[in-house]
Amino acid sequence: MSLLEVTDLRVSFATADGLVQAVRGVSFSVDSGRTIGIVGESGSGKTVLTQTLLGLTPGGRVEGKAVFNGTDLLSLRPDQLRKVRGAQIAVIFQDPLTSMHPLFKVGWQIVEMIRSHDKSVSKKQATERAVDLLGRVGIPRPAERVNDYPHQFSGGMRQRAMIAMALSLSPELIICDEPTTALDATVQAQILDLLLRLQQESGTALIMITHDLGVVADIADDVMVMYAGKAAEKASKNDIFYRPHHPYTKGLLESIPNSSAAGDRLKPITGQPPSLIRLPSGCAFHPRCAYVMDRCLTEQPPLAPVGDDGLHVSACWLPVTAAGLAAEAEELRRRAVERGRNAAAAEIARAIAERPESEGSVIA
Amino acid sequence: MSDTLPRDAAPPMPPDPDTEDDVLVRVDKLVKHFPVRGGGLVRRTVGQVQAVDGVSLVVRRGQTLGLVGETGCGKSTLARCIAGLIPVTSGTVTFEGRNITNLSRRAMQPVRREIQMIFQDPYGSLNPRRRVGAIIGDPFAVHKTAKGAARKKAVQELMERVGLNPEHFNRFPAEFSGGQRQRIGVARALALRPKLIICDEPVSALDVSIQAQVLNLLADLQSDFGLSYLFIAHDLEVVRHVSNDVTVMYLGRVCESGPKDQVYDSSRHPYTAALLSAAPAADPDAAAQRRRIILTGDVPSPINPPSGCRFHPRCPKAQDLCGQQEPALEVKPGDPATHLTACHFPVQEGESLARVAGRERR
């Protein structure tokens, strides 16, 4: 059994403008020692999804199941959840500047973390552990730096300190929410390297939330691509990058500038992500999809297997064999679209093709 | 244009034999130091933040110069110096053969029409309480070039040009998404038909699919209007995509510059090599094969930069000489005359610096 098994998770928020459907039925699982990358644009629900697991989305209406080590996190009382949060599931946030308290010493914050979960540890023991942890994550002279305030640390060091804090209780699962987005490339490389090494040492499971496909290519084993609160495609890392099935995954991969086509025109996805209050009918991606067919307008495609192993699933009406970036796959897609497209879809396709790639619906 | 200049404008630069016709901007040994003041009553200067320390570069007409470097390397300060937004400590900025360094406000006014900026944060750079039409129309108002119905028409044409619906001129920035806001910034920068647009991390805050839209827009505008860009970014793939030439900065100095292919494919400076090896590639096979150069430590403080080569405390190739003598920015043997490197021990072809990295891969 997996360490964490999330089944049909739904999260919505009632606002003055209407019901915001942030997560609309997402299932995934994580095993010990493995890393799942969750990729998606801003507003695709990737952060809400993981924060809900830890009870960090107050005011949200939550449905579904999230079984961690045999207990359903979503059914726990706040005081029970507090015992899990930090101790068994740790989080590393994007912004290392705002995720630490500016008025307390870095070491004190780690000590507090340890002692709030285990009162039997003395302050002295906890401080020793903090020094040891800071050393493990590569902070020079940890015995002195443990008495520094967060502002005395650089961005990369703060993120290291956050990782030290996350590791302090040897969690079984670490959720990393864009941990390197605010950092420079060379520091990002250091941090990813550190996470990989720590994972190999301790067998921790990682959930890596990011919008950077480069980070996913580097660190993930499996990938889930999210769009408008749903999983568009789930697969092993290699299948996502080399045999993408969902047009959104394909669009994301094609819109990255890469060295082989430097200077050529990029192929962006036209339009803007939809409003989560007024979602498009059928497949939420259809107003931006170059392969839109008639049934996409009315029927929501289920996540269905598109590979031989059954682990590669995609929520798209295109034929299951039409995966990959090669010309044959493109030909399969083209033929499917020819068959499946009548007046209604043809009109949308024309609108997409004619729309200056920029134009899109304004967020209401 | 020069005959309309006020009398207090700086005299034109003497003709420089080196100045080719296609040079739009020439920055020569530019230095910008910010004083650090003590906490006492007198607040005397106790040090200097050496944000930019002797940087020279050239932006050519209709081309893009990419400027790369990590946080705190001085790339944004340099951009602000070129745009005349902050005074420079020493060195010169020459625009179309004319010295525009530290011009007075009045003398700078006509130059500002030619040099515009696009900023990183599409949320912070637009006033949330003003309508989009008014924001894009500001340059016309400031430079008194169009008003009333003519201004509205010009604004709507600009909006259409950058891919916004011209009917939305009455809306507020909050009604637009991040990518659309960045288009508003582009329209504002484009309003006066400048010759140079300084793009300071224009796509860093955008999602990949939207980032590609904005990059395509910038490319279209460049070919339509013959614009030159100074393109600042930390994403190396983006810079490689848009640039003709690339300059790499570290701690206020240029460590390598040259044509894009030279800098990317035959990097000479160990810092450039490290930066390139650290950038994540969206390709699992490439990521698994790549040998990363993991630099140790952080970028040192620009208040008290290391002696000699500023990169030497983190450099895998550093020797004693590097801490004593500052390397000159020069052509290394075997490189074309346009490829400059400031390093005593440049990376040789086929040499691997990744010995420090060697991490286990699954």
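Small disclaimer: the values here were computed from a predicted structure and weren't measured.

K.L.:
Got a minute to help me understand the overall build of chain A in this structure?
P.N.:
The helix and strand inventory of chain A stands at 13 helices and twelve strands. Compactness check: chain A gives a C-alpha radius of gyration of 22 Å against a globular reference of 21 Å for 364 residues, within 12% of the reference. Along the longest, intermediate and shortest principal axes, the C-alpha atoms of chain A span 75 × 45 × 40 Å.

K.L.:
Please explain the domain arrangement of chain A as it appears in this structure.
P.N.:
Many authors give the size of an interface as the accessible area that is lost as the parts come together. Residue and element names in this part refer to chain A. Each assigned domain of chain A is listed here: domain 1 (4-220) and domain 2 (226-354). The gap between the C-alpha centroids of domain 1 and domain 2 is 31 Å. Where the side of domain 1 that touches domain 2 is concerned, the elements lending two or more residues are strand 2 (18-30), strand 3 (35-39) and helix 8 (213-219). At ten residues, the largest contribution of residues to the side of domain 1 that touches domain 2 is made by strand 2.

K.L.:
Just checking my understanding: could you explain the nonpolar core for this structure?
P.N.:
Within the largest apolar cluster, 198 residues are counted, with the highest numbers of intra-cluster contacts made by Ile207(A), Ile82(B), Ile198(B), Leu230(B) and Phe231(B). Looking at this core element by element, the count peaks at eight residues for helix 6 (residues 155-167) of chain A. Residues from two domains meet in this core; each of domain 1 (4-220) and domain 2 (226-354) of chain A gives at least three. If we ignore the near neighbours within four places in the chain, the residues touching Phe231(B) are Thr64(B), Leu65(B), Gly66(B), Leu67(B), Cys199(B), Val239(B), Val242(B) and Ser243(B).

K.L.:
Please clarify how the pairing of strand 7 (residues 196-200) of chain B should be interpreted in this entry.
P.N.:
The two faces of the sheet receive side chains in turn, since in a regular strand these alternate between them. All names here are of chain B. Among the five residues of strand 7, five are classified as buried, and the element is accordingly described as predominantly covered. Relative to strand 7, strand 6 (residues 115-118) runs parallel, the two being bridged by four bridges. Each residue of the ladder has a partner; that of isoleucine 115, found in strand 7, is leucine 196. Of the pairings in the sheet, the one linking strand 7 to strand 8 (residues 228-233) comprises five bridges and is parallel in character. Bridging across to strand 8, isoleucine 198 finds its partner in leucine 230. Considered for its hand, the β-α-β crossover made up of strand 7, helix 6 (residues 208-225) and strand 8 is right-handed.

K.L.:
Explain the interface of chain A and chain B to me, please; I cannot follow it from the model alone.
P.N.:
At the interface, 47 residues of chain A touch 41 residues of chain B. Secondary-structure elements contributing two or more residues to the side of chain A that touches chain B are helix 6, helix 7 (185-202), helix 8, helix 9 (237-242) and helix 10 (247-254) of chain A. Examining the composition of the side of chain A that touches chain B, we find that nine residues originate from one element, helix 7 of chain A, more than from any other. When grouped by side-chain class, the residues that make up the side of chain A that touches chain B number 19 nonpolar, 17 polar and eleven charged.

K.L.:
Where do I start with unusual backbone geometry in this structure?
P.N.:
The general pattern is negative phi for most residues beyond glycine and trans for most peptide bonds. All names here are of chain B. With a phi angle near 50°, glutamate 96 is a residue other than glycine that sits in the positive phi range. Mapped onto the fold, glutamate 96 is located in the loop between strand 4 (90-95) and strand 5 (98-99). One non-glycine residue with positive phi stands out, namely lysine 144, at about 50°. Mapped onto the secondary structure, lysine 144 falls in the loop between helix 3 (132-142) and helix 4 (148-161).

K.L.:
Mind showing me how you'd approach the environment of Gln120(B) here?
P.N.:
Residue and element names in this part refer to chain B. With respect to the helices, strands and loops of the structure, glutamine 120 is situated in the loop between strand 6 and helix 3. The buried category is assigned to glutamine 120, around which 20 C-beta atoms lie within 10 Å. Along the chain, glutamine 120 and glutamine 48 lie 72 residues apart, while their C-alpha atoms are 26 Å from each other. Excluding residues that lie within four positions of it along the chain, glutamine 120 makes contacts with Asp200, Glu201, Pro202, Ser204 and Ala205.

K.L.:
So what exactly am I meant to see when it comes to helix 6 of chain B here?
P.N.:
An α-helical turn contains 3.6 residues, so a residue and the one three or four places further along point in the same direction. End to end, helix 6 of chain B covers 26 Å across 18 residues, agreeing with the expected 26 Å (1.5 Å per residue, within 8%). Among all positions of helix 6 of chain B, only Val208(B), Ser209(B), Ile210(B), Gln211(B), Ala212(B), Gln213(B), Val214(B), Leu215(B), Leu217(B) and Leu218(B) are buried. Tucked into the core, helix 6 of chain B has its buried residues touching helix 10 of chain A together with helix 5 (178-190) and helix 7 (236-242) of chain B. Just downstream of helix 6 of chain B lies Gly226(B), where phi reads positive at about 60°.

K.L.:
What should I look at first to understand the sheet that holds strand 2 of chain A in this one?
P.N.:
To summarise the sheet geometry, strands pair through backbone hydrogen bonds and adopt either a parallel or an antiparallel arrangement. All names here are of chain A. If you walk across this open sheet you meet the four strands as 2-1-4-5, and the pairing is antiparallel. The two strands at the open ends of the sheet, each matched to only one other strand, are strand 2 and strand 5 (71-72). Inspection of the sheet shows strand 4 (residues 60-68) paired to strand 5 by two bridges, in the antiparallel sense. Opposite valine 67, over in strand 5, you have aspartate 72 as the bridge partner.

K.L.:
I keep staring at the confidence of the model for chain B and nothing clicks. Help me out?
P.N.:
A low pLDDT means the predicted coordinates there should not be read in detail. All names here are of chain B. Taken over all residues, the pLDDT of chain B has a mean of 86, while the share at 70 or more is 92%. Counting interchain partners and residues more than four positions distant, the pLDDT-below-50 stretch residues 1-17 has 20 contacts. In this model residues 356-362 is a low-confidence stretch, pLDDT under 50, and it forms twelve contacts with partners more than four residues away in sequence or in other chains. If you check the scores for this complex, the pTM reads 0.85 and the ipTM reads 0.80.

K.L.:
Please clarify how the sheet that holds strand 12 (residues 340-341) of chain B should be interpreted in this entry.
P.N.:
All names here are of chain B. Pairing is mixed in the open sheet, where eight strands are placed in the order 6-7-8-3-9-10-12-11. The sheet is open, and its two borders are formed by strand 6 and strand 11 (330-331), each paired with just one other strand. Note that strand 3 (residues 64-68) and strand 8 share five bridges and pair parallel. Pairing of glycine 66 across the sheet is with phenylalanine 231, part of strand 8. Its contacts with the sheet place helix 1 (residues 75-82) against strand 3, strand 7, strand 8 and strand 9 (245-250), and it is angled at close to 155° to strand 8. Packed on one face of the sheet, helix 5 meets strand 6 and strand 7 and runs near 175° to strand 6.

K.L.:
Honestly, the confidence of the model for chain A in this entry has me stumped. Any pointers?
P.N.:
Looking at chain A as a whole, its pLDDT mean stands at 88, while 96% of the residues score no less than 70. Per-residue pLDDT stays below 50 along residues 358-364 of chain A; that stretch engages in 18 contacts with residues further than four places along the chain or on separate chains.

K.L.:
Can you help me understand helix 1 (residues 46-53) of chain A in this one?
P.N.:
Residues and elements named next belong to chain A. Across the eight residues that make up helix 1, a large majority, eight, are buried. Among all positions of helix 1, only Lys46, Thr47, Val48, Leu49, Thr50, Gln51, Thr52 and Leu53 are buried. Backbone geometry just after helix 1 places glycine 55 at a positive phi near 70°.

K.L.:
It is not clear to me how the pairing of strand 1 (residues 23-37) of chain B should be interpreted in this structure. Could you clarify?
P.N.:
Residues and elements named next belong to chain B. With twelve bridges connecting them, strand 1 and strand 2 (residues 45-60) associate as antiparallel partners. Considered in strand 2, the bridge of valine 36 is made with glycine 47. Across five bridges, the pairing between strand 1 and strand 4 is antiparallel. Note that in strand 4 the partner of aspartate 28 across the bridge is threonine 92.

K.L.:
Help me out: how do you make sense of the packing of helix 3 (residues 106-117) of chain A against helix 6 of chain A in this one?
P.N.:
A pair of packed helices can be characterised by two numbers: the angle between their axes and the separation between those axes. Residue and element names in this part refer to chain A. Axis separation between helix 3 and helix 6 bottoms out at 9 Å; the angle between their running directions is 20°. Between helix 3 and helix 6, the interaxial angle falls into the category roughly parallel. Judged by the twist between their axes, the crossing of helix 3 over helix 6 is right-handed. Contact residues: helix 3 offers Val106, Gln109, Ile110 and Met113, while helix 6 offers Ala161, Ala164 and Met165.

What counts as what
- Residues numbered from 1 in each chain as written.
- Chains lettered and ligands numbered in written order.
- Predicted model: local features only at pLDDT ≥ 70, side-chain atom pairs only at ≥ 80, totals over all residues.
- Helix = DSSP H or I, 4+ residues; strand = E, 2+ residues; numbered from the N terminus.
- Rg over C-alpha atoms; globule rule 2.2 N^0.38 Å.
- Domains from an automatic or database assignment.
- Core = buried A, V, L, I, M, F, W, Y, C linked by C-beta atoms within 7 Å.
- Buried ≥ 20, exposed ≤ 12 C-beta atoms within 10 Å, placed from the backbone.
- Contact = placed C-beta atoms within 7 Å.
- Pairing = 2+ DSSP bridges.
- Right-handed = clockwise from strand over helix to strand, strands pointing away.
- Nonpolar A, V, L, I, M, F, W, Y, C, P; charged D, E, K, R; others polar.
- Expected span 1.5 Å × (residues − 1).
- pLDDT = per-residue confidence, 0-100.
- Axes fitted to C-alpha atoms, helices over the stretch in contact; angles between N-to-C directions.
- Parallel < 35°, antiparallel > 145°, perpendicular 65-115°, else oblique.
- Left-handed = near helix turned anticlockwise from the far one by under 90°.

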